Amino acid sequence: MTTVPDRRPPGLPLILSGIFFLLALIQISRHIMWRDELRPWQIIQQTSNPIAAQHEMRFDAVPMLWNEIIFVLTRFTQNPFLMQFVHVLFATAVVFVFTQCSPFPKLAKVLFPFGYFTFYEYAVISRNYVLVFLLMMIACALITQPRVKMLWLTLVLGLLTQASIWGAGIAGLLMLVALVKCYFTEPALQPRPWQVSLLSTVVLFGVALAYFESLPGPGPTFTATWLNAGSIQKFMGTFCAIYRAWFPVPAFSGHFWNSNLLDQVPTLQFLVGLILFAAAIVALINRPIALGFFVLGYIALMAFEFHFRGSARHHGHLFMILIAACWIATSTVKYEILKIPALEQIREQGLTVLFGVHAVIGVFVALAGLVIPFSASWATARYIKANISENTILVAVDDYCASPIATWLSKPIYFPQMQALAIVNTQNPEARIDLTMQTLLTKVFELSAANQTQVLLLLSSGRPPIAEHDVLITLPPIANIPNPALQMQVLPRFEEGVVADESESLYLLRAVTYEK
């Protein structure tokens, strides 16, 4: 029997959406954006037109939709809070569409808005992933109508191909779901051939466009790969990703983001992930269209995980696909492949329990986010504003960790890995150099000597400290300077932040010479 979404007035959806919106606003008011959130804003605000914006973002492997939204926002203000506010609006729309249109029980609808991905990862952290979530939910609502809304679906899936590279793949799968479902409906409800052709053309073109927009992509420094891992370990990691998507329970640490309570026992993560994958197949087996979407989606995302070790924001796509598959299952053809009593109810109840687990985690991390700064970059910038002269040259290593500080200071920083003064790092490997401590200190000496001023060196947590106390650092001869040295003053270290590698050690240096 086909389940039709509840069409009662949107009282509960509006209430839940309103509560979600207000709580999300409180969260972003305390959230210090990290580099991946700020990076599009930093780059795009310097561009003059939408085409230039996408061109400058070509090393980030992100199709145009989020970039062009940011381009429009930067025409109104230089304050990136507007981006956060609009992101919360999109996240609130996810809640409204789900609670208004999904066929799940009321308890599931009440729990969903406060889950880890809904309430934190895709609400507080301003990235393009919220667009994937929103467009997937809208597509599910359109596909599960008695008559598939083909023209609206064409628009939604076309936009989904431009939300992310994952969105492009998911759009292709949802297109197949819609077409297969239409094949099994009554002839009077089937779409016209031109509608099918239009949908296929738009989605396939969008997928191809997303592929080319994602080239050449970031350099290897910015791609999270498996280090020294064999094929077996990578294979296990793909099923660990399922566990981490379904149960994103963070470690009890100040750096809880992208961590999991079972990180120290990957074998257990693998076994649980394998069991969860099998359980989902059993739960969907009598709904072959939904099962096909689920299996193909998981295989594609797990293939990505095999090559690139994903983080929470990537694993969340597995959770999205699970929700979409269960939603699609309520309105597509049913076969009694497994005669398990109340299998449909079991699947529904299992998803509700999962939403409950996610809600506990979501509220926990939201509360933690109100107490622990997400990044130490803001505290670092405040210290610099209050204690460092405007004439001081700022030098930062690693540049990608320190780039948010340039925005908070409204001042460019010299990035030695780029050999340039900038407000944001480049991910183009051809425009970057490897850096040793010796070459770094030599460059600091040259900058200080040439400008007759001090240099403030920001050293990210990925680098060992230079010294614990004030010291004179002697250097090899530089050009006509036989005895160059740096007088170094050790300043405070800023490390209170969820993002561990955006901690900064500060050193104030001045070029001097010494007597042998």
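Below or above, wherever it landed, is the structure these notes cover.

What counts and what doesn't
Residues numbered from 1 in each chain as written. Predicted model: local features only at pLDDT ≥ 70, side-chain atom pairs only at ≥ 80, totals over all residues. Heavy atoms only, no water. Pairing = 2+ DSSP bridges. Helix = DSSP H or I, 4+ residues; strand = E, 2+ residues; numbered from the N terminus. Salt bridge = Lys/Arg side-chain N within 4 Å of Asp/Glu carboxyl O. Buried < 20%, exposed > 50% of the residue type's maximum accessible area, 1.4 Å probe, protein only. Patch = residues over 30% accessible without salt bridge, like charges linked within 9 Å, V, L, I, M, F, W, Y side chains within 5 Å. Areas by Shrake-Rupley, 256 points an atom, 1.4 Å probe, with all protein chains shown as cover. Phe/Tyr/Trp six-rings, centres within 6.5 Å; stacked < 30°, edge-to-face > 60°. Lys NZ or Arg CZ within 6 Å of the ring centre and 35° of its normal. Contact = heavy atoms within 4.5 Å. Polar contact = N/O pair within 3.5 Å; in protein donor to acceptor, adjacent residues only side chain to side chain. Axes fitted to C-alpha atoms, helices over the stretch in contact; angles between N-to-C directions. Parallel < 35°, antiparallel > 145°, perpendicular 65-115°, else oblique. Left-handed = near helix turned anticlockwise from the far one by under 90°.

1. As for the pairing of strand β6 (residues 484–494)
- In this structure, strand β5 (residues 471–474) lies alongside β6, joined through four bridges in antiparallel fashion. Residue pairing in the sheet places Ile-473 in a bridge with Leu-486 of β6.
- Looking at chain direction, β6 and strand β7 (residues 504–513) are connected through nine bridges and run antiparallel. Of the residues in β7, the one forming a bridge with Ala-485 is Val-512.

2. What to know about the pattern of salt bridges
- According to the stated counting rule, one finds eleven salt bridges in the structure shown.
- A salt bridge links Arg-287 to Glu-344; the nearest nitrogen and oxygen atoms lie 3.0 Å apart. In this pair, Arg-287 is assigned in the loop between α13 (266–284) and α14 (288–307) and Glu-344 in helix α16 (residues 343–371), connecting sequence segments 57 residues apart. Like Glu-344, Arg-287 is buried.
- As a salt-bridge pair, Lys-334 and Glu-336 come within 3.6 Å of each other at their nearest N and O atoms.
- Given the relative accessible area of 48%, Glu-336 is considered partly exposed.
- Through salt bridges with shared partners, a single ionic network connects Arg-35, Asp-501 and Glu-502.

3. Structural notes on a nonpolar patch on the surface
- Side chains of Val-180, Tyr-183, Phe-184, Tyr-335 and Ile-337 sit close together on the surface and give an oily, nonpolar patch of about 530 Å² of accessible area.
- Here Tyr-335 shows up in the loop between α15 (312–329) and α16.

4. Description of the packing of aromatic side chains
- One pass over the full model with this rule turns up 37 aromatic pairs.
- Both rings, one in Tyr-183 and one in Phe-184, keep their centres 5.4 Å apart while their planes meet at 90°; by these two values the pair is edge-to-face.
- With 5.4 Å between their ring centres and 70° between their planes, Phe-235 and Phe-239 make a pair best called edge-to-face. Pair noted here: Phe-235 and Phe-239 are both in helix α12 (residues 231–246), with a separation of four residues, about one helical turn.
- Accessibility expressed as a relative area gives 7% for Phe-239, which makes it buried.
- Cation over ring: Arg-75 sits above Phe-71, and NZ or CZ is 4.0 Å from the ring centre.

5. Re the environment of Thr-154
- Tracing the sequence through the fold places Thr-154 in helix α9 (residues 150–161).
- The exposure class assigned to Thr-154 is buried, which follows from its relative accessible area of 5%.
- In the structure, Thr-154 is positioned 65 residues away from Leu-89 in sequence and 23 Å away in space, judged by C-alpha atoms.
- Apart from the residues lying within four places of it in its own chain, the contact partners of Thr-154 are Leu-198, Leu-199 and Val-202.
- Looking at Thr-154, its side chain comes within polar contact range of the main-chain oxygen of Met-150, at 2.8 Å.

6. Side note on the packing of helix α10 (residues 165–184) against helix α11 (residues 193–213)
- Packing of α10 against α11 brings their axes to within 9 Å, and their N-to-C directions diverge by 165°. On the basis of the axis angle, α10 is roughly antiparallel to α11. Between α10 and α11 lies a crossing of left-handed hand. Across from Ala-168, Ala-171, Gly-172, Met-175 and Leu-179 in α10, the residues of α11 making contact are Val-196, Leu-199, Ser-200, Val-203, Val-207 and Ala-210.

Honestly, it's all geometry; don't read function into it.
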